Amino acid sequence: MTHHILRIFTAFALTGIFALSSQGATPEEARQAYDKGDYAKAVEIYQELAKTHGTSSALLFDMGQAYTRAGDLGHGMLCYRRALQQNPSNSQARSNIRYIESRVQDGNTAELKGKKISVVPEDPSFFTVLKNYITRRHHTNTWATWSGITFVLFCVCLALYIFQDRVMLRKIGFFGAIAMISISVLTLIFAFMGAHASGKQDEGVITAYKIELKSDPSTSAKNVTSPLVQGTVMQIMDTEKAENGKPQWYKVRLNSDFAGWIRNDSFEPI
């Protein structure tokens, strides 16, 4: 009997030890590695945390900082842009994106070696700016919340119009109901637009140290213009897939001077 109890106790003890040992990395360990200047270790821990617990805007931001400090502006930009996707109000990520953009532009300008071509993305049209404001500057849940609030206000205004006898209050209810239902429908449309845009990968980041675009999706194709450095954000125009269905080449565009094909091991969609 005593031996049986001892075996049960030992089994529970071993189970507890294995459970503790399998907890894996923690955010605190990543922060400690970062504070010590071991940015590669910090990146490794953040990647493990992302695989185990999923990503968040805060985790992606911290990972972006570790990558940037390690000198990997490509993956740093990728993390910051993804952090901004998950939380458009992450002002720190937006600020760090601007910092990397300035360094990337300086690097791309240096690679021109005096050539008179542009390394700056083309100015977007008014409608593109408006679409980006709706889908990227505000989270889908924000638009959905506003849609719900204005629908409740529509019901209040409708009740005011139906149940009030005073002419002024009925007018306020009538016109208020029209305004609130219009805003509710509009913000609901914005929420659907944001949800659609979040699932669409139409931009990506060059993660290779330096790369030249190809005229065709082939390693033997001729190079297009000057090299571009890591961290350059490109529009995705088309995709060439391998036999397994995974993207192998991306047709990308920076502006009218820089458009071509890039391999998947040098480029990653946001």
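S.K.: So what exactly am I meant to see when it comes to the side chain of glutamate 111 here?
M.R.: With respect to the helices, strands and loops of the structure, glutamate 111 is situated in helix 6 (residues 91–112). Leave out the neighbours within four places in its chain, and glutamate 111 touches Lys210, Ser226, Pro227 and Val229.

S.K.: Even after reading the chapter, I still don't get the pattern of salt bridges, so can you show me in this structure?
M.R.: Side chains bearing opposite charge may pair, as long as their charged atoms lie close to each other. Taken as a whole, this structure holds 8 salt bridges when the rule is applied. Notably, a salt bridge pairs lysine 210 with glutamate 111, separated by 3.0 Å at the nearest N-O pair. Of this pair, lysine 210 sits in strand 2 (residues 210–214) while glutamate 111 sits in helix 6; the two residues are 99 residues apart in sequence, bridging distant segments of the chain. Exposure remark for glutamate 111: the relative accessible area of 15% places this residue in the buried category. Between arginine 136 and glutamate 203 there is a salt bridge whose closest N-O contact spans 3.3 Å. On the criterion of sequence distance, the pair formed by arginine 136 in the loop between helix 7 (126–135) and helix 8 (140–163) and glutamate 203 in strand 1 (residues 203–206) is long-range, its members being 67 residues apart. What makes arginine 136 partly exposed here is its relative accessible area of 32%. Each of Arg81, Arg136, Asp202 and Glu203 takes part in a single network of salt bridges with overlapping partners.

S.K.: Honestly, the packing of helix 3 (residues 39–53) against helix 4 (residues 57–69) in this entry has me stumped. Any pointers?
M.R.: Each pair of packed helices can be summarised by the angle the axes make with each other and by the distance between the axes. Between helix 3 and helix 4, whose axes approach to 8 Å, the crossing angle comes to 155 degrees. In terms of their interaxial angle, helix 3 and helix 4 are classed as roughly antiparallel. The handedness of the crossing between helix 3 and helix 4 is left-handed. Mapping the contact onto sequence places Tyr39, Ala42, Val43, Tyr46, Gln47, Leu49 and Ala50 in helix 3 and Leu59, Asp62, Met63, Ala66, Tyr67 and Arg69 in helix 4. Grouping the constituent residues of the contact of helix 3 with helix 4 by class yields 10 nonpolar, 1 polar and 2 charged.

S.K.: Mind showing me how you'd approach the confidence of the model for the protein chain here?
M.R.: Low pLDDT means the predicted coordinates in that region are not meant to be read closely. In the predicted model, the protein chain carries a mean pLDDT of 90, and the fraction of residues at 70 or more is 91%. Overall, residues 1–22 carries pLDDT values under 50, and its contacts beyond four positions in sequence, including any with other chains, amount to 0 contacts.

S.K.: Whenever I open this one, the environment of alanine 30 confuses me. Can you help?
M.R.: Its location among the elements puts alanine 30 in helix 2 (residues 27–35). Taking relative accessible area as the criterion, alanine 30 reaches 0% and is therefore assigned buried. Separated by 32 residues in the primary sequence, alanine 30 and aspartate 62 place their C-alpha atoms 9.0 Å from one another. The residues contacting alanine 30, other than those within four sequence positions of it, are Ala42, Ile45 and Tyr46.

How each quantity is defined
- Residues numbered from 1 in each chain as written.
- Predicted model: local features only at pLDDT ≥ 70, side-chain atom pairs only at ≥ 80, totals over all residues.
- Heavy atoms only, no water.
- Helix = DSSP H or I, 4+ residues; strand = E, 2+ residues; numbered from the N terminus.
- Contact = heavy atoms within 4.5 Å.
- Salt bridge = Lys/Arg side-chain N within 4 Å of Asp/Glu carboxyl O.
- Buried < 20%, exposed > 50% of the residue type's maximum accessible area, 1.4 Å probe, protein only.
- Axes fitted to C-alpha atoms, helices over the stretch in contact; angles between N-to-C directions.
- Parallel < 35°, antiparallel > 145°, perpendicular 65-115°, else oblique.
- Left-handed = near helix turned anticlockwise from the far one by under 90°.
- Nonpolar A, V, L, I, M, F, W, Y, C, P; charged D, E, K, R; others polar.
- pLDDT = per-residue confidence, 0-100.

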